[in-house]
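# Descriptive structure summary
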Amino acid sequence: MSQNGFMKALKCRECGREYPLTATHVCEFDFGPLEVAYDYDRIRRSLTRDAISRRPQTMWRYRELLPVAGEPTVGTQVGFTPLVKADRLARALGIRELYVKNDAVNYPTLSFKDRVVSVALSRSVELGFKTVACASTGNLANSVAANAAAAGLECFVFIPSDLELGKVVNSLVYGATVIGIRGHYDEVNRLCAEIAGKYNWAFVNVNMRPYYAEGSKSMGFEIQEQLGWHVPEHTVVCMASGSLLTKIHKSYQEFSKMGLSSGSKWKIHGAQATGCNPITQAQKAGLDFFKPQKPNTIAKSLAIGTPADGFYALRVMKETGGHGEDVTDDEIRDGIRLLAETEGIFAETAGGVTVGVAKKLIAQGRIPRDSSAVLCVTGNGLKTLDAVVGHVGETREIRPSLREFEALLAKEKSEAATA
Ligand SMILES: *Cc1c(COP(=O)(O)O)cnc(C)c1O
Ligand SMILES: [Zn+2]
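Here goes a summary of the coordinates provided. Every chain begins its residue count from 1, and numbering advances along the sequence as written. Whichever chain is written first is A, and whichever ligand is written first is 1; the rest continue in order. Local features in this predicted model are restricted to residues of pLDDT 70 or higher, and side-chain atom pairs are both shown and tallied only at a pLDDT of 80 or more, whereas totals for entire chains, interfaces and linings draw on every residue. Side-chain metrics rest on all non-hydrogen atoms present in the structure, leaving aside hydrogens and water.

### Describing the coordination of the zinc ion (ligand 2)
At the metal site, the zinc ion (ligand 2) is ligated by C12 (SG), C15 (SG), C27 (SG), D30 (OD) and D30 (OD), and these contacts range over 2.3 to 2.5 Å. Within one chain, the residues donating to the zinc ion (ligand 2) are spaced in sequence as C-x2-C-x11-C-x2-D. Here C15, found in the loop between β1 (7-12) and β2 (18-19), pairs with C27, found in the loop between β2 and β3 (34-38); they are 12 residues apart in sequence, far enough to count as distant. What makes C15 partly exposed here is its relative accessible area of 35%. In this scheme, a residue with accessible area under 20% of its type's maximum is buried, one over 50% is exposed, and one in between is partly exposed, where area comes from a 1.4 Å probe on protein chains only. Residue C27 is classed as buried on the basis of its relative accessible area of 1%. Listed donors are limited to N, O and S atoms within 2.8 Å of the metal, widened to 3.2 Å for Na, K and Ca; water is not among them, so incomplete-looking sites are possible. Secondary structure elements are defined from DSSP: runs of H or I of at least 4 residues count as helices, runs of E of at least 2 residues count as strands, and each element is numbered from the N terminus.

### Focus on the site of ligand 1
Here a residue is near a molecule or strand as soon as one of its heavy atoms is found within 4 Å of it. Surrounding ligand 1, one finds 15 residues, the nearest of these being K113, S241, G242, L244 and T378. Throughout this description, a polar contact denotes any pair of N or O atoms lying within 3.5 Å of each other; where both atoms belong to protein, one of them has to be capable of donating a hydrogen while the other can accept it, and for residues adjacent in sequence the pair is counted only when both atoms sit in side chains. One nitrogen or oxygen atom from the side chain of K113 is found 2.8 Å from an oxygen atom belonging to ligand 1. The separation between an oxygen atom of ligand 1 and a polar main-chain atom of S243 is 3.5 Å. Put simply, ligand 1 lies in the largest pocket. Detection works on a 1 Å grid of protein atoms alone, calling trapped sets that fit a 1.4 Å probe cavities and calling open sets with protein on both sides within 12 Å along at least five of seven lines pockets, with lining residues defined by an atom within 4 Å of a point. Being in a pocket or cavity means that more than half of the molecule's atoms lie within 2 Å of its grid points.

### Description of the sheet that holds strand β9 (residues 202-203)
Any two strands with at least two DSSP-identified bridges between them are counted as paired. The strand order β8-β7-β6-β9 describes an open sheet built from four strands, whose pairing is parallel. Since the sheet does not close on itself, it has two edges, and those belong to β8 (177-181) and β9, each with one partner. As paired strands, strand β6 (residues 131-135) and β9 are joined by two bridges and run parallel to one another. Among the inter-strand pairings, A133 is bridged to a residue of β9, identified as F203.

### Regarding the pairing of β8
Here strand β7 (residues 154-160) runs beside β8; their pairing, made up of five bridges, is parallel. Within β8, the position partnered with V157 by the bridge is V178. Handedness of the β-α-β unit built from β7, helix α6 (residues 165-172) and β8 comes out right-handed. When the strands point away from the viewer, a crossover counts as right-handed if the path from the first strand over the helix to the second runs clockwise.

### Here we look at the sheet that holds strand β11 (residues 267-273)
Strand order in the open sheet made by the six strands is β4-β5-β13-β10-β11-β12, with mixed pairing throughout. The open sheet is flanked by β4 (83-85) and β12 (324-327), the only strands paired with a single partner. Strand-to-strand twist across the sheet, computed as the mean angle between neighbouring axes with direction ignored, equals 25°. Both strand β5 (residues 97-102) and strand β13 (residues 372-377) contribute to a ladder of six bridges, which runs parallel. What sits directly across from N102, in β13, is V377. Whether two residues touch is decided by their heavy atoms; if any such pair falls within 4.5 Å, the residues are in contact. The angle between two axes is taken between their N-to-C directions and runs from 0 to 180 degrees, where each axis is a line fitted to C-alpha atoms and a helix contributes only its stretch in contact. Along the sheet, helix α13 (residues 329-343) makes contact with β4, β5, β11, β12 and β13, crossing β12 at roughly 95°.

### So, the layout of surface pockets
The computed volume of the largest pocket comes to approximately 940 Å³. Surrounding the largest pocket, 50 residues form its lining, N205, R209, S241, A308 and D309 being those nearest its centre. Listed by contribution, the elements that provide at least two residues to the lining of the largest pocket are β3, α4 (113-126), α5 (139-151), α7 (185-198), α8 (209-214), α10 (243-257) and α12 (310-320). All amino acids are sorted into three groups, where Ala, Val, Leu, Ile, Met, Phe, Trp, Tyr, Cys and Pro are nonpolar, Asp, Glu, Lys and Arg are charged, and the leftover types, Gly among them, are polar. By residue class, the composition of the lining of the largest pocket is 25 nonpolar, 17 polar and eight charged. In this document the domain limits rely on a domain assignment from an automatic tool or a database. Of the residues that make up the lining of the largest pocket, three or more belong to each of domain 1 (7-76 + 113-212) and domain 2 (83-109 + 216-387). In this structure, the second largest pocket encloses a volume near 470 Å³. Lining the second largest pocket are 21 residues, with R13, E35, Y40, K250 and Q253 sitting closest to its centre. Of all the elements, α10 adds the most residues to the lining of the second largest pocket, at seven residues. Among the residues forming the lining of the second largest pocket, the class breakdown is seven nonpolar, three polar and 11 charged. Shared between two domains, the lining of the second largest pocket holds at least three residues of each, these being domain 1 (7-76 + 113-212) and domain 2 (83-109 + 216-387). Grid points are joined across faces, edges and corners, and a volume is the space filled by probe spheres set on the points.

### Thoughts on α5
Taking 1.5 Å of rise per residue, the 13 residues of α5 would be expected to cover 18 Å, and the 18 Å separating its terminal C-alpha atoms lies within 8% of that figure. Of all 13 residues in α5, 10 are buried, a share of seventy percent or more. If you check which residues of α5 are buried, you get N139, L140, A141, N142, S143, V144, A145, A146, N147 and A148. Against the buried residues of α5 lie α4, β6, β7, α6 and α8. Looking one or two places after α5, you find G152, whose phi comes out positive at around 70°. Multiplying 1.5 Å by the residue count of a helix minus one yields the expected span of that helix.

By themselves these figures say nothing about function.
Here you go:
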């Protein structure tokens, strides 16, 4: 293996200028975002279906297409989450075939962020960093804190101070320094950009962003392999910065270009909460650029009013013929309950957004009823109990007596009969 693994350079998405593979993320000429460029000819020779199938069931089975030079050292067990054939949910939504890619059970912190963090921290270690940090809407902070602890790295995480208790505790427990900023995510992010310029830390979603973002491709690689090396017709992805959506598209492009997947046409649909919908609002209006917003939604993990990859997410939807749609807080809760009651999967608010939007797109005919779709569920409901408590029914409480139980049962039956 060469000293850069299968990477060639960092490359500006706007002007194509190339940069060395260091901790940097913007082009000096036009401030375009930098992206990792790979040596696809070498990858093609090394990454075959056979080779992949023989490797351990983690996201690292696609390592040639992930931006680390040597073997990964952080998050080596992340990924390969279940792709669930969701027949009961399909019936409820009125579509022929439906799958749920379930990153609510990703290891170790129960969200898709473990994918991006294992890449960002493995690369940070390669580049010699001892301290890692992030600006986060919650899940990223959890994952950076946990994976940094396991790797023995010092860790600072910056979050809006009003996050769900579950997200806060899930960062504190690993011993990270958790800094709550009195402001929304976009202000947290702005502060982190300043700090990153001043301290020699690896900020996973600032100076390490080109590497970090590539980790999201693994979710799309797995979907294709789990569908029998096939690209799904329709994919619904929830969006915060919009990065995951663009990287799922890239994963489909890479696998089909390399002959690993069949299927050459796919539509990628973007989902947001109505209380923070800069990307879907622009998509619905037919615009190429979004207008920044001040978020107000229970889907706090998606509450980014100035999404860094919003422009590129809009482009992917346009190029693939996908649509954007958004759902209210009540529709998000309905989505969470529907997924739980039909498939036994408890997703966080972001998953409620994905399910709610899929329901709308199917009803609108934008995802045809005779087609097949994959819903990306990205986080676990146990972390956002605050959002659903009081909306999921109540415990029936009785004394430990058979008589009371039978009285309760009779009452429930008669209520069900009159309902
Ligand atoms: C971060 C996050 C997303 C989306 O992330 P992007 O910034 O769009 O890549 C989706 N779901 C959950 C649960 C998240 O934490
Ligand atoms: Zn440039």
